[in-house]
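# Reading the structure
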Amino acid sequence: MAQKGVQLDRETFSCSICLDLLKDPVTIPCGHNYSMNCIKSHWDKEDGKKIYSCPQCRQTFTPRPVLVKNTMLAVLVEELKKTGLQAAPADLCYARPEDVACDVCTGRKLKACRSCLVCLASYCEKHLQLHSELDPFKKHKLVEPSKKLQENVCSRHDEVMKMFCRTDQKSICYLCSVDAHKSHDTVSAAAERTERQKELEVSRQNLRQRIQNRKKDVTLLQQEVEAVDRSADNAVEQSEKMFAELVRLIQKRSSEVTQQVRSQQQTEVSGYRELQVKLEQEITELQRKDAELDKLSHTEDHTQFLLDYPPRSQLDESTDSSGVNIGPRRDFRDVTADVSELRDKLQEVLRGKGTNVAQTVTQVDVLMSQPEPRTRAEFLRYSHDITMDPNTANALLSLSEGNRRATLRAHHQPYPAHPDRFTECWQVLSRQSLTGRCYWEVKWFGDGVCVAVAYKDISRAGSWNKCGFGQNDKSWALDCYINNSSFWHNKDKSPVSNPLSSRVGVYLDHSAGVLSFYSITNTMTLLRRVQTTFTQPLYAGLWINNFTAEDTAEFCKLK
């Protein structure tokens, strides 16, 4: 009980501004007591208004009262100091630089617990008592402590901005609504907040949906990565089993095959990994935006909500939630087939069916080092069955013969809308992706066509200069004309001097970076050979020149 009495005495003789024991106490006309320096500092701020008020009861005085030290209080305070209770209560929470400080406290300010939108001031718990004790203050709007209260004040009329001009898209005060914005569409800040809160919820819902869709895409990509890994691991395992049956001389080739498979595996997986990382980054960004909008949606101050409200262009961003397109996976069975063929050749020799072991080993060495074929029969070993992807075909291209033949028509075909479709260029890509060693042939008729390869991310919308085969760094193209052929890459044109037939062969060694075009007659004539580095799987492409002659190009069946 004694301790409680001391506590009451300390509070009684504390200055309500600095919350410390009274120092040079003075009593102002309304009867409240303050430290002399505290009330002087408070009134110095009101000199411009020529009206002076009590920080506790808000009673005003004119002129400024003369302050005289209250000697009786000074004696009592000195007696209280002898108890050793000179400091402010230990449980007071002083404001740190990142906190909102009480606007009434002087000296070391306490942390504000609420801000008043009517007073445009922030208060600690002690100075907030008037808002719960006096009827005029009970109607004031209290919100979480804010450092942005002055942003609520109209710079022109020095009034709180409680209106919103929809015409100018800005917060205004009531005087502005009947003055400069008289003929504008104006509403209360609360009404505008209600409308935008609805928009905010719709935007958040779209963001959450996009997050869910992207998470599904990441899961799908992970499944594809695992499938590629399983296929590659199986190919390596089978290859190693077969090479275990061979003599020590070809063990070196076994490691080369393993390295090739891993290289191709890395090419496949890296594309999935890159897209997976991109989607995870997009998820993180969407979650960040959602958190920002969530914080904004809980802002109690209508005006501050409107001031922090993002531009409509950010809220109206595309909510595209389409999934990723997973192309056909790289099949490593061709590696297993090659090794099986080598094993059979060696077994033939060991069983006495061959003529010379050394010659067979030489054949094995040549086959494993994978030189570029020289005869059509050798090229056909790597032939691929290629068809066109209808989702990429320009609307003027008619596909037939099981999507092997493309014919340019004068009227649009009834294709559904698809993001992969070429909109301006009369061209189409294959359904199959191409890695490793591949060979295919194209028959063409008419004024001219273009035989090409391209990465899947080549642009689909725009003019020929942007999307056309050979007009960018994502495609390589052979323009086929009887008397005037040329090769294109990244807008760089190279003439083709050798004569061109109506049948063109294309050979691709993806890992070696080799791309070759041949004119097919009784013999194969090299038209153009490219040595580069391919960073993605390639797709075969066709471009048709003239619909008046109904030009046609077709991927040939080679098997």
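Placed above this text is the structure.
Let me begin by describing the structure that accompanies this report. (Residues numbered from 1 in each chain as written. Predicted model: local features only at pLDDT ≥ 70, side-chain atom pairs only at ≥ 80, totals over all residues. Heavy atoms only, no water.)

## Description of the overall build of the chain
- When its secondary structure is counted, the chain shows 14 helices and 23 strands.
- Burial statistics for the chain: of 559 residues in total, 44% are counted as buried.
- Excluding contacts between residues fewer than 6 apart, the proportion of contacts in the chain whose partners are at least 24 apart in sequence is 61%.
- Carbon together with sulfur atoms contributes 49% to the accessible area of the chain, which is approximately 29900 Å² in total. (Helix = DSSP H or I, 4+ residues; strand = E, 2+ residues; numbered from the N terminus. Buried < 20%, exposed > 50% of the residue type's maximum accessible area, 1.4 Å probe, protein only. Contact = heavy atoms within 4.5 Å. Areas by Shrake-Rupley, 256 points an atom, 1.4 Å probe, with all protein chains shown as cover.)

## Let's talk about unusual backbone geometry
- With omega at 0 degrees, the peptide bond leading from T62 into P63 counts as cis.
- Relative to the elements of secondary structure, P63 occurs in the loop between β4 (60–61) and α3 (71–81).
- Positive phi, normally seen in glycine, also occurs at R58, with a value near 65 degrees.
- With respect to the helices, strands and loops of the structure, R58 is situated in the loop between β3 (52–53) and β4.
- The exposure class of R58 is partly exposed, given its relative accessible area of 29%.

## Some points on α3
- Every buried residue belonging to α3 is among L73, A74, V77 and L80, and all of these are buried. Buried residues in α3, looked at end-on, bunch into an arc of 120 degrees, giving them a common side. Summarising the geometry of α3, the exposed residues directed more than 90 degrees from the buried face are T71 and M72.
- N-capping of α3 is provided by N70, with a side-chain oxygen placed 3.2 Å from the backbone N of M72. (Arc of directions from axis to C-beta. Polar contact = N/O pair within 3.5 Å; in protein donor to acceptor, adjacent residues only side chain to side chain.)

## Describing the nonpolar core
- Counting residues in each nonpolar core, the largest one holds 38 residues, and the members touching the most others are W440, W476, L515 and F517.
- Setting aside chain neighbours within four positions, we find L515 in contact with V453, W476, V506, Y507, L508, R528, R529, V530 and F534.
- Within the second largest apolar cluster, 30 residues are counted, among which are V269, L296, F305 and F332. (Core = buried A, V, L, I, M, F, W, Y, C linked by side-chain atoms within 4.5 Å.)

## Looking at the environment of H32
- Secondary-structure assignment places H32 in the loop between β1 (25–27) and β2 (33–35).
- Taking C-alpha positions, H32 is 8.6 Å from C57, a pair spaced 25 residues apart along the chain.
- H32 has contacts with V26, T27, C54, Q56 and C57, leaving out every residue within four places of it along the chain.

## Points about the pattern of salt bridges
- Counting across every chain of the model gives 22 salt bridges.
- Ionic pairing is found between E282 and R214, a salt bridge with its closest N-O pair at 3.2 Å. Within this pair, whereas E282 is found in helix α8 (residues 251–297), its partner R214 is found in helix α7 (residues 189–243), the two being separated by 68 residues in sequence.
- When its relative accessible area of 21% is taken as the criterion, E282 is described as partly exposed.
- R214 gets classed as buried once you look at its relative accessible area, which sits at 9%. (Salt bridge = Lys/Arg side-chain N within 4 Å of Asp/Glu carboxyl O.)

## Side note on the sheet that holds strand β12 (residues 405–408)
- Across the sheet, which stays open at both edges, the 7 strands sit in the order β11-β12-β23-β14-β19-β20-β21 with antiparallel pairing between neighbours. Each edge of the open sheet is held by one strand with a lone partner, namely β11 (397–400) and β21 (524–531). On average, each strand axis in the sheet is inclined to that of its neighbour by 20 degrees, with strand direction left out of account.
- Where strand β20 (residues 514–520) meets β21, 7 bridges bridge the pair, whose relative direction is antiparallel. Directly across from L515, in β21, lies its bridge partner V530. (Pairing = 2+ DSSP bridges. Axes fitted to C-alpha atoms, helices over the stretch in contact; angles between N-to-C directions.)

## Considerations on the packing of aromatic side chains
- Taken as a whole and assessed by the stated rule, the structure comprises 12 aromatic pairs.
- Seen from their ring centres, W43 and Y52 are 6.1 Å apart, and the 65 degrees between their planes marks the pair as edge-to-face. Considered together, W43 and Y52 belong to a single accessibility category, that of buried residues.
- Centroid distance W43 to F61: 6.4 Å. Interplanar angle 65 degrees. Geometry classified as edge-to-face. Of this pair, W43 sits in helix α2 (residues 36–44) while F61 sits in strand β4; the two residues are 18 residues apart in sequence, bridging distant segments of the chain.
- For W43, a relative accessible area of 0% gives the class buried.
- In this structure F61 comes out as buried when scored by relative accessible area, which is 7%.
- An aromatic cluster is built from F379, Y382, Y439, Y507 and Y518, whose rings are joined through pairwise contacts.
- Sitting above the plane of the F305 ring, R193 keeps its charged end 4.0 Å from the centroid. (Phe/Tyr/Trp six-rings, centres within 6.5 Å; stacked < 30°, edge-to-face > 60°. Lys NZ or Arg CZ within 6 Å of the ring centre and 35° of its normal.)

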